[in-house]
Amino acid sequence: MAARGKKLINDPYDVVTQFIEGLAETYPGLQYLDGFPEVKVVLRSDVAVGAYDKVAVICGGGSGHEPAHGGFVGQGMLTAAVSGDVFTSPPVNSILAAIRAVTGPKGCLLVVTNYTGDRLNFGLAAEEAKSEGYKVEMVIVGDDCALPPTQGIAGRRGLAGTILVNKVAGAAADACLPLEEVAEQARHAAKLVGTVGVALSVCTLPGQEISERLGPEQIELGLGIHGEPGIAVTEHQRVDVVVTHVLKQILSLETRYVPITRGDRVILLTNGLGATPIMELMIATRKAVRELQLEYGITTDRVYTGSFMTSLDMQGFSISIMKSDTTILQWLDASTKAPCWPAGTDDHSHVTLIKQASFQASPLRIDVAYSAGDRQKPAKVAVPAPPSCAIKSDKMLQQSRELTKEGCILEASIEAGAKEIIRIKDSLNEWDSKVGDGDCGTTMHRGAIAILDDMKKCYPMNDAAETVNEIGATVRRVMGGTTGILYDILWANALQASICAISKYGGARVGYRTMLDALIPASEILIERLEAGDDPLDAFVVSSEAAMTGAESTRHMQAQAGRSSYIAADKLASAPDPGAMAAAAWYRAVALSLKSASCHSKP
């Protein structure tokens, strides 16, 4: 049995909130919204709510990539950063809270890494913010150069190149450009950057077992930043050989992911993945700069080396190359107070044996130190937010404290579905560790616990439609990630309409190896049996069997959506899609619970 990783933490479920508290204590220029544990937002302490007179730039995503993104909040870079749980996209309510906290009349730009959960959550938050009167633009960053161009519908992943895009966007906003121009500068930067990563070890999520996927003499190429498998595993080699391979992948003339050719000038970013000594990163940088010049005829205008976007305790590094131009350099060189952007130098004429470039050391701002007396504002700040479930609970309970027969059955069904998810949590995580980032069970478990808790406080069980809406609100509040937003969409509508909505926002269909491979067969059978005149409960049970069969069939599918689409087919064959299995499990549990309740109620 694999051992659990040793971590300097208190509770695996509190690591993100306690990290943010420590960040705000270290840098008085930062504060956070008083919305823990659901709302985890870091923002500039000098920005008054609703009164910011420039374009706000907001980025975010799952935690575990520190210092990204909270460490890059500050004048000249990000106005706010939204954190989800470890490797889990932040929920819509958190993103909306950030938008409301820092967006003034000039509007805000959302910089989003290209992962399905991030796109869905930030996209829905943007639409809701627009309906509230905010001006919002969104830029998607997908700088991964490891995957084939036609790999599924998910597209290129957002990696460390996102940090460079954030710097460009933040500097453009600080220069008082209007929202449309700030967005255009960010899109321009995103088109110019490519990244490839290499891992010597797999990261360990807080409270989970150490992965044994990589042997002691193996390295993984083209990895993601969530522990998901890369494109290839090979024997450990000298770092010069590895860097050569990485540069070849980024600058490939076949994929043409980046518009860089001989004679161009570039920005180089060597990024540590969490457990790589600065010595090793510098050795990789040394090789990259020389190879770019001698083998590709490319000169580096700026070099940044350090840990910018990590993957918890992963050993390894990534290299990002961005095509340089006058405007890009202007934005990168602009001053910023973001604490983890590398402290620069005013002299960009430093000469080495083969190039002229500005050499940046570690992104640790050791020149910034504060005492407690320096803090001018509290570390946390309250902002207006929609009424929480707790606020509504008294009113709902007053409406009907005695459950009807139907209310009791509905309560039992919800409880059965939630408890089934809790029961299979470890199996879901195990499957997800093989085909994704290993947290599907944890995310679903968090939602199930919250549903069981809220069910007793604020679900109007005698009103089935309103109860379904409240379940959606619970899921949106606590789950985040791709699963969270998909269930928010699912619960808020009838099953068939929800499937259409999920397909619209996520792009998946039957056969793409997602939760829809369970839900679409279930919906089709349910409609077919009801139209044939079957008893509704019998139809529900039969449709749940179709859901389970559909989920199991994902073992034989090549993923075309989500993080699994980045993984080779032979690795996927060992496990079903965890999202599909989770959907089938709760659907089946609810169907059987309703059938059982019906049988017991008969004389």
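Residues numbered from 1 in each chain as written. Predicted model: local features only at pLDDT ≥ 70, side-chain atom pairs only at ≥ 80, totals over all residues. Heavy atoms only, no water.

- As recorded by an unreviewed UniProt entry, the protein carries the name 3,4-dihydroxy-2-butanone kinase and is attributed to Urochloa decumbens.
- The protein has a UniProt comment under Sequence similarities (unreviewed entry) that states "Belongs to the dihydroxyacetone kinase (DAK) family." (UniProt positions renumbered as here; feature names shortened; annotations may be inferred.)

## Quick notes on the overall build of the protein
Moving on, step 1. Along the protein, the regular secondary structure elements total 19 helices and 14 strands.
Moving on, step 2. Across the 603 residues in the protein, those meeting the buried criterion constitute 57%.
Moving on, step 3. Sequence separation of 24 or more characterises 75% of the internal contacts of the protein that already satisfy a separation of 6 or more.
Moving on, step 4. Carbon together with sulfur atoms contributes 54% to the accessible area of the protein, which is approximately 24,600 Å² in total. (Helix = DSSP H or I, 4+ residues; strand = E, 2+ residues; numbered from the N terminus. Buried < 20%, exposed > 50% of the residue type's maximum accessible area, 1.4 Å probe, protein only. Contact = heavy atoms within 4.5 Å. Areas by Shrake-Rupley, 256 points an atom, 1.4 Å probe, with all protein chains shown as cover.)

## Here we look at the packing of aromatic side chains
Moving on, step 1. Enumeration over the complete set of coordinates arrives at five aromatic pairs.
Moving on, step 2. Look at phenylalanine 72 and phenylalanine 308: their rings are 6.5 Å apart centre to centre, the planes differ by 10 degrees, and that puts the pair in the stacked class. Here the residue phenylalanine 72 occupies a position in the loop between β3 (56–63) and β4 (80–86), and phenylalanine 308 occupies one in the loop between β11 (299–306) and β12 (316–323), the gap between them amounting to 236 residues. The two residues phenylalanine 72 and phenylalanine 308 agree in class, both being buried.
Moving on, step 3. With 5.1 Å between their ring centres and 90 degrees between their planes, phenylalanine 540 and tyrosine 587 make a pair best called edge-to-face. Of this pair, phenylalanine 540 sits in helix α17 (residues 536–553) while tyrosine 587 sits in helix α19 (residues 578–601), placing them 47 residues apart in sequence.
Moving on, step 4. Relative accessible area serves as the criterion here: at 17%, phenylalanine 540 is assigned to the buried category.
Moving on, step 5. Grouped by ring-pair contacts, the aromatic residues Phe540, Trp586 and Tyr587 constitute a single cluster.
Moving on, step 6. Just above the ring of tyrosine 257 sits the side chain of arginine 156; from NZ or CZ to the centre is 3.9 Å.
Moving on, step 7. Sitting above the plane of the tryptophan 341 ring, lysine 167 keeps its charged end 5.7 Å from the centroid. (Phe/Tyr/Trp six-rings, centres within 6.5 Å; stacked < 30°, edge-to-face > 60°. Lys NZ or Arg CZ within 6 Å of the ring centre and 35° of its normal.)

## Here we look at the sheet that holds strand β6 (residues 136–141)
Moving on, step 1. Pairing in this open sheet of seven strands is mixed, and the strands run β6-β5-β3-β4-β2-β1-β14 from one edge to the other. With partners counted over all chains shown, the strands left at the sheet margins are β6 and β14 (380–381), one partner each. (Pairing = 2+ DSSP bridges.)

## Some thoughts on unusual backbone geometry
Moving on, step 1. The omega torsion across glutamate 66 and proline 67 is 15 degrees, close enough to zero to call that bond cis.
Moving on, step 2. The topology assignment puts proline 67 in the loop between β3 and β4.
Moving on, step 3. The omega torsion across alanine 68 and histidine 69 is 0 degrees, close enough to zero to call that bond cis.
Moving on, step 4. One can find histidine 69 in the loop between β3 and β4.

## Re the pattern of salt bridges
Moving on, step 1. With the rule as written, the count across this model stands at 23 salt bridges.
Moving on, step 2. Arginine 446 is paired through a salt bridge with aspartate 85; the nearest N and O atoms lie 3.3 Å apart. You can see arginine 446 sitting in helix α12 (residues 440–458) and its partner aspartate 85 sitting in strand β4, a full 361 residues away along the chain.
Moving on, step 3. For arginine 446, a relative accessible area of 17% corresponds to the buried category.
Moving on, step 4. Residue classification places aspartate 85 among the buried residues on the basis of a relative accessible area of 18%.
Moving on, step 5. With its nearest N and O atoms 2.6 Å apart, the salt bridge here joins arginine 302 to aspartate 333. Separated by 31 residues along the polypeptide, arginine 302 in strand β11 and aspartate 333 in helix α8 (residues 326–333) bring together distant segments of the chain.
Moving on, step 6. Judged by its relative accessible area of 8%, arginine 302 is buried.
Moving on, step 7. Within the structure, one salt-bridge network assembled from shared partners comprises Lys40, Asp85 and Arg446. (Salt bridge = Lys/Arg side-chain N within 4 Å of Asp/Glu carboxyl O.)

## Here we look at a nonpolar patch on the surface
Moving on, step 1. A cluster of nonpolar side chains, Ile278, Met279 and Ile283, forms an exposed patch at the surface whose accessible area comes to about 280 Å².
Moving on, step 2. Along the chain, the position of isoleucine 278 falls in helix α7 (residues 278–296). (Patch = residues over 30% accessible without salt bridge, like charges linked within 9 Å, V, L, I, M, F, W, Y side chains within 5 Å.)

## A few points about the nonpolar core
Moving on, step 1. Within the largest apolar cluster, 65 residues are counted, with the highest numbers of intra-cluster contacts made by Phe72, Leu109, Leu164 and Trp341.
Moving on, step 2. The greatest single-element share of this core, amounting to eight residues, is contributed by helix α4 (residues 161–174). (Core = buried A, V, L, I, M, F, W, Y, C linked by side-chain atoms within 4.5 Å.)

## Quick word on the packing of helix α16 (residues 516–531) against α17
Each pair of packed helices can be described by the angle between their axes along with the distance between the axes.
Moving on, step 1. For the pair α16 and α17, the least separation of the axes is 7 Å and the interaxial angle reads 150 degrees. Judged by the angle between their axes, α16 and α17 are roughly antiparallel. α17 is crossed by α16, and the crossing has right-handed handedness. Contact residues: α16 offers Asp517, Ala518, Pro521, Ala522, Ile525, Leu526, Arg529 and Leu530, while α17 offers Pro536, Ala539, Phe540, Val542, Ser543, Ala546, Ala547, Gly550 and Ala551.
Moving on, step 2. Along the lines of polarity and charge, the residues of the contact of α16 with α17 split into 13 nonpolar, two polar and two charged. (Axes fitted to C-alpha atoms, helices over the stretch in contact; angles between N-to-C directions. Parallel < 35°, antiparallel > 145°, perpendicular 65-115°, else oblique. Left-handed = near helix turned anticlockwise from the far one by under 90°. Nonpolar A, V, L, I, M, F, W, Y, C, P; charged D, E, K, R; others polar.)

## Structural notes on α8
Moving on, step 1. Among all positions of α8, only Ile328, Leu329, Trp331 and Leu332 are buried. Buried residues of α8 fall within an arc of 165 degrees about the axis and therefore sit on the same side.
Moving on, step 2. Buried residues in α8 make contact with α4, α5 (179–191), β10 (265–272), β11 and β12.
Moving on, step 3. Here α8 starts with a cap whose side-chain oxygen sits 3.1 Å from the backbone nitrogen of threonine 327, and that cap is aspartate 325. (Arc of directions from axis to C-beta. Polar contact = N/O pair within 3.5 Å; in protein donor to acceptor, adjacent residues only side chain to side chain.)

## What to know about the environment of aspartate 333
Moving on, step 1. On the accessibility criterion, aspartate 333 (34% relative accessible area) is partly exposed.
Moving on, step 2. In this structure the C-alpha to C-alpha distance between aspartate 333 and arginine 302, which are 31 residues apart in sequence, comes to 9.4 Å.
Moving on, step 3. A polar contact of 2.6 Å, which involves the side chain of aspartate 333, links it to the side chain of arginine 302.

## Things to note about the side chain of threonine 310
Moving on, step 1. Relative to the elements of secondary structure, threonine 310 occurs in the loop between β11 and β12.
Moving on, step 2. On the accessibility criterion, threonine 310 (5% relative accessible area) is buried.
Moving on, step 3. Of note is the side chain of threonine 310, whose polar atom sits 2.7 Å from the backbone oxygen of glutamate 66.
Moving on, step 4. For threonine 310, the contacting residues outside a window of four places in its chain are Gly64, His65, Glu66, Gly272, Leu273 and Gly274.

## Quick notes on the environment of serine 543
Moving on, step 1. Along the chain, serine 543 turns up in helix α17.
Moving on, step 2. The exposure class of serine 543 is buried, given its relative accessible area of 0%.
Moving on, step 3. Along the primary structure serine 543 and glutamate 528 are separated by 15 residues, whereas in three dimensions their C-alpha atoms are 9.4 Å apart.
Moving on, step 4. Discounting residues that sit within four places of it in the chain, serine 543 has contacts with Ala522, Ile525, Leu526 and Tyr587.
Moving on, step 5. Polar contacts involving the side chain of serine 543 include one to the main-chain carbonyl oxygen of phenylalanine 540, which spans 2.7 Å.

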